[in-house]
Amino acid sequence: MLLAVINENGHSGLVTILKGTELAQQIRAGVKSSIDALVATGRTAPTVAVVMAAETPEALVYVESVERSFSRVGICSRRVSVPDGATDADLQELIRDLAEDTEVHGILVPTPLRPGLTLLAAQDALPPAKDVEGISSANVGRLALGRPLAIPATPLGGMELLRHYGVELSGKQATVVGRSSVVGWPMATLLTQANATVTVCHSRTPNLAEHTRRADIVVAAAGRPAMITAAMVRPGAVVVDFGVNVTEQGMCGDVDYNSVSAVASAITPVPGGTGPVTAAVLVRNVYEAATRVLNMGAQSK
Ligand code: NDP
């Protein structure tokens with residue numbers, strides 16, 4: 001397989017498509033055999049509670065899709081409804097009850113939350129050991145310190161995809177477009193921890209193209225269809241597209257795939273790039289939460 005390398009002399013004309021399906025299958029297969037082995041020893045199957053505090057149609061589609069991924073590897077999931085009219089304090093109490101529940105090993109809080117509920121309230125209440133998305137206040141802080149218990153699945157999957165294809169990160173210039181707490185910011189942190197030199201851009205960044213054009217690695221996480229064009233990418237750069245945008249023409253990323261793949265040395269497609277790896281890493285995060293929680297239970301006996 002052609003490895004994606006930065007060609008200092010310009011683009012070679014070959015582009016590696018950084019597909020996520022094979023890596024996702026590997027991750028899922030590893031998790032499934034670990035769960036099978038766990039259950040064979042008489043331990044309980046990992047169980048994740050899905051806190052239903054987001055009721056947009058997209059959130060329900062997301063919940064159904066993660067439930068399918070969980071059941072394929074033997075993870076049990078349980079929906080926990082949050083009553084209409086619940087306040088932040090009610091949400092926190094519900095999450096704290098799940099934190100105490102020994103039959104629940106992981107807690108997932110799909111977003112955006114309903115009006116009246118704030119994500120920070122959920123983040124503060126989520127126990128870091130059961131936080132499968134790496135969004136708890138404690139895990140966000142621990143990631144900054146380089147000691148996370150869980151890392152958000154999307155950026156972690158993006159990093160694993162780069163490693164899977166042998167993309168060198170140390171000493172490289174990376175530009176991340178987007179600074180959300182679940183995608184852009186943690187991706188920038190992970191790239192920095194992998195010794196890349198990172199620029200983070202956002203909606204108030206003037207002259208965005210100046211920052212993307214000097215990058216060896218361009219990461220798009222803005223939620224703006226095809227906003228990264230070929231003119232914004234240095235020949236030979238590696239391009240990671242986290243964007244998931246539904247347009248009249250179908251699903252597309254934040255990168256103008258056809259034009260950018262003519263100049264990049266490697267690029268993730270949408271769909272089929274970062275998305276499948278995100279789903280597989282979330283499944284692995286649940287398994288890892290379960291082993292943490294079960295080990296903590298064993299130690300406290
Ligand atoms: P958010 O809307 O939370 O954040 C978007 C970020 O992009 C913000 O920091 C915003 O800046 C920045 N931004 C928006 N417009 C521009 C612009 N024109 N120029 C520069 N920066 C801009 O989105 P998420 O981080 O949650 O998601 C980002 C994308 O990733 C979405 O398409 C989402 O669907 C997708 N996604 C993909 C996943 C996957 O598995 N591949 C999983 C999760 C999300 P500011 O902070 O100034 O507002």
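Above this text is the structure in question.
Residues numbered from 1 in each chain as written. Predicted model: local features only at pLDDT ≥ 70, side-chain atom pairs only at ≥ 80, totals over all residues. Heavy atoms only, no water.

J.: Could you give me a rundown of the environment of Arg 213, with the residues and numbers involved?
T.: Its place among the elements puts Arg 213 in helix α8 (residues 208-213). You can call Arg 213 partly exposed: its relative accessible area is 41%. Along the sequence, Arg 213 and Val 104 sit 109 residues apart, while their C-alpha atoms lie 46 Å from each other. Once residues lying within four places of it in the same chain are set aside, the contact partners of Arg 213 are Ala 231, Met 232, Val 233 and Arg 234. Engagement of the side chain of Arg 213 in a polar contact is seen with the backbone oxygen of Ala 231, the distance being 3.0 Å. (Helix = DSSP H or I, 4+ residues; strand = E, 2+ residues; numbered from the N terminus. Buried < 20%, exposed > 50% of the residue type's maximum accessible area, 1.4 Å probe, protein only. Contact = heavy atoms within 4.5 Å. Polar contact = N/O pair within 3.5 Å; in protein donor to acceptor, adjacent residues only side chain to side chain.)

J.: Hey, could you go over the site of the ligand for me, with residue numbers and the actual values?
T.: Around the ligand there are 21 residues in total, and Arg 179, Ser 180, Ser 203, Phe 242 and Thr 278 lie nearest to it. Contact distances for the ligand include 2.7 Å between an oxygen atom and a side-chain N or O atom of Arg 179. The separation between an oxygen atom of the ligand and a polar side-chain atom of Thr 278 is 2.6 Å. For the ligand, whose unbound accessible area comes to 920 Å², protein coverage reaches 68%. In terms of residue count, helix α10 (residues 274-299) provides more of the shell around the ligand than any other element does, three residues in total. (Near = heavy atom within 4 Å. Areas by Shrake-Rupley, 256 points an atom, 1.4 Å probe, with all protein chains shown as cover.)

J.: Give a description of helix α3 (residues 88-100) that names residues and reports values.
T.: Side chains that are three or four residues apart share a direction in an α-helix, a result of its 3.6 residues per turn. Between the first and last C-alpha of α3 there are 18 Å, a value that for 13 residues agrees with the 18 Å anticipated at 1.5 Å per step. Within α3, burial applies to Leu 91, Gln 92, Leu 94, Ile 95 and Leu 98. Down the axis of α3, the buried set is contained in an arc of 160°. They therefore lie on one face. Exposed and facing more than 90 degrees away from the buried side of α3 are Ala 89, Glu 93, Asp 97 and Glu 100. Where α3 is buried, its residues touch β2 (47-52), β3 (76-81), β4 (106-108) and α4 (119-125). (Expected span 1.5 Å × (residues − 1). Arc of directions from axis to C-beta.)

J.: Any chance you could break down a negative patch on the surface for me, citing the residues and the numbers?
T.: A cluster of like negative charges, contributed by Asp 90, Glu 93, Asp 97 and Glu 100, occupies part of the molecular surface. Position of Asp 90 among the secondary structure elements: in helix α3. (Patch = residues over 30% accessible without salt bridge, like charges linked within 9 Å, V, L, I, M, F, W, Y side chains within 5 Å. Salt bridge = Lys/Arg side-chain N within 4 Å of Asp/Glu carboxyl O. Lys, Arg positive; Asp, Glu negative; His and termini not counted. Charge placed at Lys NZ, Arg CZ, Asp CG, Glu CD.)

J.: Which residues make up the sheet that holds β3, and what values go with them?
T.: Across the sheet, three strands lie side by side as β3-β2-β4; this open sheet has parallel pairing. The open sheet has two free edges, formed respectively by β3 and β4, since each of these has just one partner strand. Between one strand and the next, the sheet's axes are offset by a mean angle of 25°, whatever the strand orientation. Direction of pairing for β2 relative to β3: parallel, over a ladder of six bridges. By the bridge assignment for β3, Val 51 is matched with Val 80. Across the sheet, helix α2 (residues 57-73) lies against β2, β3 and β4, angled at about 155° from β3, the strand it touches most. Of the strands in this sheet, β2, β3 and β4 touch α3, which is tilted by about 175° from β2. (Pairing = 2+ DSSP bridges. Axes fitted to C-alpha atoms, helices over the stretch in contact; angles between N-to-C directions.)

J.: Residues and numbers for the sheet that holds strand β11 (residues 266-267), please.
T.: Strands pair in a sheet through their backbones, by hydrogen bonds, and they do so in one of two ways: parallel or antiparallel. Sheet architecture is open: six strands sit in the order β1-β11-β8-β7-β5-β6, paired in parallel fashion. The open sheet has two edge strands with one neighbour each: β1 (16-17) and β6 (197-201). One ladder, built from five bridges, connects strand β5 (residues 173-177) with β6; its direction is parallel. Within β6, the position partnered with Val 177 by the bridge is Cys 201. Helix α7 (residues 184-193) rests against β5, β6 and β7 (217-220) of the sheet, and its axis sits at about 170° to β6.

J.: Please set out the packing of helix α6 (residues 153-164) against α7 residue by residue, giving values where relevant.
T.: Remark: α6 packs on α7, axes separated minimally by 9 Å, with the N-to-C direction vectors making an angle of 40°. Judged by the angle between their axes, α6 and α7 are oblique. At the point where α6 passes α7, the crossing takes the right-handed sense. Taken together, the residues of α7 that come into contact with α6 (itself represented by Pro 155, Leu 156, Gly 158, Met 159 and Leu 162) are Pro 186, Met 187, Leu 190 and Leu 191. Looking at the contact of α6 with α7 residue by residue, the class counts come to eight nonpolar, one polar and no charged. (Parallel < 35°, antiparallel > 145°, perpendicular 65-115°, else oblique. Left-handed = near helix turned anticlockwise from the far one by under 90°. Nonpolar A, V, L, I, M, F, W, Y, C, P; charged D, E, K, R; others polar.)

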